[in-house]
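# Inside the fold
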Amino acid sequence: MPPTPIPIPHFAETQLALLLSEHEAEVSTSKLASTAASVSPQTRRTLQATGSALTGLVLSQCRTGMGGRVVGEFTPDPAITSEESRSSDGTPRFSAHGLRVGDVVRVNDVAAGGKKWNGKDGGKEKEKDGKGEKGGPEGVVTRTSERAVWIAFGQQGGGGRSKEEDEAVEELWGKKLWAIKLANDVTYRRMRQTMEKIVKMTDSDYSHFMRVAFGQTTPLRPDEEAAGPVEFIDPTLNDSQKDAIRFALASQDIALIHGPPGTGKTHTLIELIMQMVQRKKRILVCGPSNVSVDNIVERLAPKKVPVVRIGHPARLLPSVLEHSLEVLTQTSDAGGIVKDVRKEIDEKQASIRKTRSGRERRGIYDDLKQLRKEFRERESKCVDNLVRESSVVLATLHGAGGHQLKNQRFDVVIIDEVSQALEAQCWISLLGAEKVVLAGDHLQLPPTVKSTGQKSKEAQSKGKTEDSDKELLKGVSLERTLFDRLLALHGSGIKRMLTTQYRMHEKIMRFPSDELYEGKLIAGEAVKARLLVDLPYEVEGTDDTQEPLVFWDTQGGDFPEKVEDEEIGKKGLLGDSKSNEMEALVVARHVDNLVDAGIRPESIAVITPYNGQLALLSRILREKYPGIELGSVDGFQGREKEAVVVSLVRSNEQHEVGFLGEKRRLNVAMTRPKRHLCICGDSETISHGSSFLKHWMDFLEEHADLRYPDASDILE
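Residues numbered from 1 in each chain as written. Predicted model: local features only at pLDDT ≥ 70, side-chain atom pairs only at ≥ 80, totals over all residues. Heavy atoms only, no water.

### Things to note about the environment of Glu434
Residue placement: Glu434 occurs in the loop between helix H14 (423-430) and strand S12 (435-440). By relative accessible area, which is 47% here, Glu434 ends up partly exposed. Residues in contact with Glu434, not counting those within four places in the same chain, are Phe209, Gln252, Asp253, Arg409, Phe410 and Asp411. (Helix = DSSP H or I, 4+ residues; strand = E, 2+ residues; numbered from the N terminus. Buried < 20%, exposed > 50% of the residue type's maximum accessible area, 1.4 Å probe, protein only. Contact = heavy atoms within 4.5 Å.)

Structure follows, in structure tokens:
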């Protein structure tokens, strides 16, 4: 039966209405955070614990980055760094934070905080470019490590910098600083532009792939003859990986590669890219985050394929750096002149701090403006040549909408981690695509959506989008990913699943496999029986280190949850987030036992679905074990650790579980560990949440090492 066609302009108009609602929610959250964050150091720390800020910064260095932008290096303020937060050589380190490469941030002076502007405008806050509050300069995080964070300042869409921005960065020297995440206008703007372009397209503008993607035609049959015989380069590939590669090569328009946790999805994509390069194909590879893209660059780098990485590499490993535009524009022949201009800019920049004359400083700022213009023009030509000569170009999804890829044509577009991207984000790279390979796992969490859909729900109840007379298209939501939608549209014939996982002990894998992956997952020989006690350093054999699955069942009412109701909760920074102090103590005791048995803190992660609980766990564990990883379940997607402790938090007489009912969130939580998974929670509350949760509690009761904590013992 042919799929039901989706009207393409109507789909794009609905996406525009939903994106507007989402962007407004993001802007209001970051405004709330940046105003509330001036209230107290405690609130700033909470913003850091919940991934929205980084505190205790000082500016330590400036240099010129891509597009002539100033890149500031920020390090931990040594005056407020505790001994526990220093590395063995005494260097200050950051404690856990949520700033990631690509995040848009504002750097504020702690002393100035979010104080009102007290100029001649009557004490009102000055508006700057319609962006609301005037604070410190805004930029994009280009690199992070435990010892520093690098931020590129200047307008996000390119187009240079103003003298005011240059001065604002200069003013950060010698001050105590902190950084707050802002709504990312660039990504939103590119998604909006892409959807607006689709609305204006006529039937004759649609590519074959677009017609397939919206059910106006069915996918063509895979052409194995055209793909030719496949001689695999990587001898370690398993049968399901080989099958997925053959299928993707033979596909004429769309192939989905479904990679459950630990099944070597990226490993499979590397072989696929190599096979396509052998067949003289030109490929664009994208992912929703810098990390997802850099992961592929790192693995492709040793294969000697001409690759170019658009944008900023997340980790400056030599293999990645070598292929980033930032370095190629300096090391290629055409990059020589660009390098000279960059040097001149850096020298001018340094001379600002040596002069006290206001007139001289103005003159230097004017010179800088001209030099930056020249820099951008030369760099642009250099970049265009580099991209044109490359077989494989890699970029984030929104980076694919940058000027560097304008008018570039590709034979294949590959998107990794597609289930973590909004569909509108994917279309930035797909408008000109002929053949597409999407890799991901639609059974893990979709991208985070901040808007509760309030505006779109209101619009839906009226049956209209906000800026048109058309009804919103039913069944379209931001949470529904392209992978999901294509699978529902065309069925499993366009998909191949990877079935051997190389991460988890068999006992940890069993429940997600049976409940979510049709029982098809197989544990690789090397991992299926490995325990903490088998780690390659000295570990004592205990009840914990010899047990892959532990369940601390807190049922009985002695471990009640509570709603965050402190100052921070009232300000809405944690919303009505839940915490559970007694359960946090159970988690801390379990971590103590693991560390006492010899497990290194950096081999352990403690994760929880609730930001309120995360803030509480940070207070209890952060200073004691600086190396331990603390995070939200959502933020830990795509990660793994030897031991993972999960705090479920919910425990109430009404048996309410809230968003724990989302099986994809729990799937992420239970598939992060390699050798040891410890769940802490109230089975009585959790099992009432859904049939999935009931099955999970039954499974843990039967197969886990079941333990009941004693409240009086925990409080000792």
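Still more ground to cover, so stick around.
### Thoughts on the side chain of Thr685
Mapped onto the elements of the fold, Thr685 is located in helix H22 (residues 683-686). Exposure remark for Thr685: the relative accessible area of 1% places this residue in the buried category. Leaving out residues up to four positions away in the same chain, Thr685 has contacts with Arg650, Ser651, Asn652, His655, Glu656 and Val657.

### Regarding the pairing of strand S8 (residues 283-287)
Of all five residues that make up S8, five are buried, and the element is covered over most of its length. Burial of the side chains of S8 extends over both faces: Ile283, Val285 and Gly287 are buried on one face and Leu284 and Cys286 on the other. For S8 and strand S11 (residues 412-415), the ladder comprises four bridges, and the chain directions are parallel. What sits directly across from Cys286, in S11, is Ile415. (Pairing = 2+ DSSP bridges.)

### Some details on the sheet that holds strand S2 (residues 70-76)
The antiparallel closed barrel is built from six strands, whose spatial order is S1-S2-S5-S4-S3-S6. Within this sheet the neighbouring strands show an average axis-to-axis angle of 50°, counted without direction. Both S2 and strand S5 (residues 149-153) contribute to a ladder of four bridges, which runs antiparallel. Paired with Val71 across the strands is Ala152, a residue of S5. Running over the sheet, helix H2 (residues 41-49) touches strand S1 (53-64) and strand S6 (177-181) and is turned about 75° from S1. (Axes fitted to C-alpha atoms, helices over the stretch in contact; angles between N-to-C directions.)

### Looking at the packing of helix H17 (residues 506-516) against helix H21 (residues 663-670)
Contact geometry for H17 and H21: axes closest at 10 Å, N-to-C directions at 155°. Judged on the interaxial angle alone, H21 and H17 are roughly antiparallel. Judged by the twist between their axes, the crossing of H17 over H21 is left-handed. Residue-level inspection shows Ile508, Phe511, Pro512 and Leu516 of H17 in contact with H21, the latter providing Lys663, Asn667 and Met670. A per-class count over the contact of H17 with H21 returns five nonpolar, one polar and one charged. (Parallel < 35°, antiparallel > 145°, perpendicular 65-115°, else oblique. Left-handed = near helix turned anticlockwise from the far one by under 90°. Nonpolar A, V, L, I, M, F, W, Y, C, P; charged D, E, K, R; others polar.)

### Considering the pairing of strand S19 (residues 604-608)
Burial analysis of S19 places five of its five residues in the buried class, which makes it a mostly covered element. Neither face of S19 is open: one carries Ile604, Val606 and Thr608, the other Ala605 and Ile607, and all of them are buried. In the sheet, S19 pairs with strand S21 (residues 641-647) via four bridges, with the strands oriented parallel. Directly across from Val606, in S21, lies its bridge partner Val645. The pairing of S19 with strand S20 (residues 629-632) spans four bridges and is parallel.

### Brief notes about the pattern of salt bridges
This structure, assessed with the given rule, holds 30 salt bridges. When the shortest N-O distance is used, the salt bridge between Arg707 and Asp544 registers 2.6 Å. You can see Arg707 sitting in strand S23 (residues 705-707) and its partner Asp544 sitting in the loop between strand S15 (522-523) and strand S16 (549-553), a full 163 residues away along the chain. As far as the burial class goes, Arg707 and Asp544 line up, both buried. Between Lys674 and Glu640 there is a salt bridge, with the nearest N and O atoms lying 3.5 Å from each other. With a gap of 34 residues between them, Lys674 in strand S22 (residues 673-681) and Glu640 in the loop between S20 and S21 connect regions that are remote in the sequence. What you see here is one network of salt bridges that share partners, running through Arg503, Glu640, Glu642, Lys674 and Arg675. (Salt bridge = Lys/Arg side-chain N within 4 Å of Asp/Glu carboxyl O.)

### What to know about the nonpolar core
Nonpolar side chains tend toward joint burial in soluble globular proteins. Core analysis: the biggest nonpolar cluster contains 59 residues, and Met210, Ile254, Ile415, Trp427, Leu430, Leu438 and Leu486 have the highest contact counts within it. For this core, the element with the most residues is helix H1 (residues 8-36), which contributes six residues. Residue contacts for Ile415: discarding those within four places in its chain leaves Cys286, Leu397, Cys426, Ser429, Leu430, Val437, Leu438 and Ala439. (Core = buried A, V, L, I, M, F, W, Y, C linked by side-chain atoms within 4.5 Å.)

### What to know about the sheet that holds S16
Pairing within the open sheet is parallel, and its six strands lie in the order S20-S19-S21-S22-S16-S23. Looking at strand neighbours, the two that pair on one side only are S20 and S23, the edges of this open sheet. Sheet twist, expressed as the mean angle between neighbouring strand axes with direction ignored, is 20°. Relative to S23, S16 runs parallel, the two being bridged by three bridges. Paired with Trp552 across the two strands is Arg707, which belongs to S23. Contacting S19, S20 and S21, helix H20 (residues 611-621) runs over the sheet at an angle of about 170° to S20.

### Re the packing of H17 against helix H23 (residues 691-703)
Where H17 meets H23, the axes come as close as 11 Å, and the angle between the chain directions of the two elements is 150°. Relative to H23, H17 is oriented roughly antiparallel. Relative to H23, the crossing made by H17 is right-handed. Contacts between H17 and H23 involve Lys507, Arg510, Phe511, Glu515 and Leu516 from the former and Phe692, His695, Trp696, Phe699 and His703 from the latter.

### Section: unusual backbone geometry
In this structure, Lys304 takes a positive phi of about 60° despite not being glycine. Positionally, Lys304 belongs in the loop between helix H9 (290-300) and strand S9 (307-309). The class of Lys304 is exposed, set by a relative accessible area of 74%. Residues other than glycine seldom take positive phi values, yet Glu417 does so here, at roughly 50°. Residue position: Glu417 is located in the loop between S11 and H14. Among the residues examined, Glu417 registers a relative accessible area of 22% and is labelled partly exposed.

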